[in-house]
Amino acid sequence: MRLFLGVDGGQSSTTALIGDEHGRVLGAGSGGPCNHAGKAEGRDRFMSAVSKSVGEACAQAGLDPDRIVFDTACFGLSGGPEDKVAIIHSLLRIERLVATDDAVIALSGATAGEPGIITIAGTGSIAFGRNAAGKRARVGGWGYIFGDEGSGFDIARQALRAALRFEEGWGPATALHPALLEATASRTANEVLHCFYTDEWPRSRVAKLARLVDQTAEAGDAVARVIILNAAQHLAALTGSVRHQLWAPGDEVPVVYIGGAFRSRLLLERYRMLVELEPGSLCGVPVYHPAAGALIEAYRAAGLRPALNNVPEMKS
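This text gives an overview of the structure that appears in the document. (Residues numbered from 1 in each chain as written. Predicted model: local features only at pLDDT ≥ 70, side-chain atom pairs only at ≥ 80, totals over all residues. Heavy atoms only, no water.)

1. Concerning the environment of Lys 135
Here is step 1 of the chain: Among the secondary structure elements, Lys 135 is positioned in the loop between β7 (125-130) and β8 (136-140).
Here is step 2 of the chain: Along the sequence, Lys 135 and Gly 220 sit 85 residues apart, while their C-alpha atoms lie 43 Å from each other.
Here is step 3 of the chain: Sequence-distant contacts of Lys 135, defined by excluding residues within four places in its chain, comprise Gly 129, Arg 130, Gln 245 and Leu 246. (Helix = DSSP H or I, 4+ residues; strand = E, 2+ residues; numbered from the N terminus. Contact = heavy atoms within 4.5 Å.)

In structure tokens, the structure reads:
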């Protein structure tokens, strides 16, 4: 039996799927984050995440991990694959390895391997697309200093900036000010600012405050509402840029959105409206999660295109 492996190695967790040559998922497993492997600590964490996730998938499939030789494996890795390929080969026996970034597998999972665009807005933001000819385009993903417009982190950052402007007397009043003070147990917005520079408030934790901004907007705060609507505008611009690079005007293009920022009703409605102003663009939800996309890419590299079955449900 030919065995194929798909791994989604992200900033918060790692997910592995093992499939046979017919597209049936035999086992799934999960591990910790594996986005850094440059230093010894990051390398150890990466090795642990891969070993645990693949080991769990093997156990579920009734396979001995020490005896498996995978026909093809695809690893979609947050932070890029350059420093991780040699480590993967040291852990697993793989005849053909595809190492790529997380946007590629997210798109493959979201569209079940078909052409389209995926816009991701979680802690960060990025848009990625692939057309029928296999041409790709990637927009955004510049990181929290230079980009990530429309992401959860950016929404929270804009909220704090609004609170600071109000506190210093050069911005309009906003309910975001007391909301952020309460959420961070701070006395001033300036104190919130300093909290966000500490290890206790990593970017992923700051990004979760986007939900607070959305709630404040839904409650009628004009400043919060502008922040949410601007985030939708930025994300739609990323999507539009990918579309214009890969498709002609009027072509039908599926657009899939994922990430915590899209849990905002206000943001999602505005985003969908802006994207679908372009004739042929149609927004929808993902078919599969990124780990399934990695498995699809493994099949693609082996020259196979089986329809997946027995795929575990997506995590919310």
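2. Things to note about the pattern of salt bridges
Here is step 1 of the chain: Evaluation of the coordinates by the stated rule reveals 14 salt bridges.
Here is step 2 of the chain: The partner of Arg 2 in a salt bridge is Asp 71, and the shortest N-O contact between them spans 2.8 Å. With Arg 2 in the segment before β1 (3-9) and Asp 71 in strand β4 (residues 70-77), this pair connects stretches of sequence that are 69 residues apart.
Here is step 3 of the chain: Residue Arg 2 is classed as partly exposed on the basis of its relative accessible area, which comes to 36%.
Here is step 4 of the chain: Judged by relative accessible area, which is 11%, Asp 71 ranks as buried.
Here is step 5 of the chain: Overlapping salt bridges bring together Arg 2, Asp 71 and Arg 96 as one network. (Salt bridge = Lys/Arg side-chain N within 4 Å of Asp/Glu carboxyl O. Buried < 20%, exposed > 50% of the residue type's maximum accessible area, 1.4 Å probe, protein only.)

3. Concerning the sheet that holds strand β6 (residues 116-121)
Here is step 1 of the chain: In space, the 5 strands of this open sheet follow the order β8-β7-β6-β9-β10, with mixed pairing throughout. For this open sheet the edge positions go to β8 and β10 (281-284), each flanked by a neighbour on one side alone. For this sheet, the mean inter-axis angle between neighbouring strands, taken without regard to orientation, is 20 degrees.
Here is step 2 of the chain: Strand direction decides the pairing type here: β6 and strand β9 (residues 253-258), joined by 4 bridges, are parallel. Counterpart to Thr 119 in the pairing with β9 is Tyr 257. (Pairing = 2+ DSSP bridges. Axes fitted to C-alpha atoms, helices over the stretch in contact; angles between N-to-C directions.)

4. Focus on the environment of Thr 184
Here is step 1 of the chain: The residue Thr 184 is located in helix α5 (residues 176-184) in this model.
Here is step 2 of the chain: Once residues within four sequence positions are removed from consideration, Thr 184 is found in contact with Val 192, Phe 196 and Trp 201.
Here is step 3 of the chain: From its side chain, Thr 184 meets the backbone oxygen of Leu 180 in a polar contact 2.7 Å long.
Here is step 4 of the chain: A distance of 2.9 Å separates the side chain of Thr 184 from the side chain of Ser 186, its partner in a polar contact. (Polar contact = N/O pair within 3.5 Å; in protein donor to acceptor, adjacent residues only side chain to side chain.)

5. Comments concerning a nonpolar patch on the surface
Here is step 1 of the chain: Where nonpolar side chains cluster on the molecular surface, the patch consists of Trp 142, Tyr 144, Ile 145 and Phe 146 and spans about 530 Å² of accessible area.
Here is step 2 of the chain: Note on placement: Tyr 144 falls in the loop between β8 and α4 (152-168). (Patch = residues over 30% accessible without salt bridge, like charges linked within 9 Å, V, L, I, M, F, W, Y side chains within 5 Å. Areas by Shrake-Rupley, 256 points an atom, 1.4 Å probe, with all protein chains shown as cover.)

6. Here's the deal with helix α10 (residues 265-275)
Here is step 1 of the chain: Looking at α10, one finds that the buried residues are Leu 266, Leu 267, Leu 268, Tyr 271 and Val 275.
Here is step 2 of the chain: Packing partners of the buried residues in α10 comprise β6, α4, α8 (210-218), α9 (222-246), β9 and β10.

7. As for the sheet that holds β4
Here is step 1 of the chain: The strand order across the open sheet formed by 5 strands is β3-β2-β1-β4-β5, and the pairing between neighbours is mixed. Because the sheet does not close on itself, it has two edges, and the strands there are β3 (25-31) and β5 (94-101). Recorded for the sheet is a direction-independent mean angle of 15 degrees between the axes of neighbouring strands.
Here is step 2 of the chain: Pairing of β1 with β4, which is carried by 6 bridges, proceeds in the parallel orientation. If you follow Val 7 over to β4, its bridge partner there is Phe 75.
Here is step 3 of the chain: Across the sheet, helix α3 (residues 102-111) lies against β1, β4 and β5, angled at about 100 degrees from β5, the strand it touches most.

8. Things to note about the environment of Ala 16
Here is step 1 of the chain: Position of Ala 16 relative to the elements: it lies in strand β2 (residues 14-20).
Here is step 2 of the chain: Looking at Ala 16, the relative accessible area reads 0%, which means it is buried.
Here is step 3 of the chain: Not counting the four nearest positions on each side in its chain, Ala 16 is found in contact with Leu 5, Gly 6, Val 7, Gly 27, Ala 28, Gly 29, Ser 53, Val 54 and Ala 57.

9. Looking at the packing of aromatic side chains
Here is step 1 of the chain: Scanning all chains against the criterion turns up 6 aromatic pairs.
Here is step 2 of the chain: Ring geometry for Phe 4 versus Tyr 299: centroids 4.8 Å apart, planes at 45 degrees, classification tilted. Placement of the pair is Phe 4 in strand β1 and Tyr 299 in helix α11 (residues 290-301), with a sequence separation of 295 residues.
Here is step 3 of the chain: According to the relative accessible area criterion, Phe 4 is buried, its value standing at 0%.
Here is step 4 of the chain: The class for Tyr 299 is buried, based on a relative accessible area of 1%.
Here is step 5 of the chain: Centroid distance Tyr 144 to Phe 153: 5.8 Å. Interplanar angle 80 degrees. Geometry classified as edge-to-face.
Here is step 6 of the chain: When its relative accessible area of 34% is taken as the criterion, Tyr 144 is described as partly exposed.
Here is step 7 of the chain: Here a set of aromatic residues connected by ring pairs shows up, and it is made of Tyr 257, Phe 262 and Tyr 271.
Here is step 8 of the chain: It is Arg 165 that lies over the ring of Trp 170; its NZ or CZ is 5.9 Å from the centre. (Phe/Tyr/Trp six-rings, centres within 6.5 Å; stacked < 30°, edge-to-face > 60°. Lys NZ or Arg CZ within 6 Å of the ring centre and 35° of its normal.)

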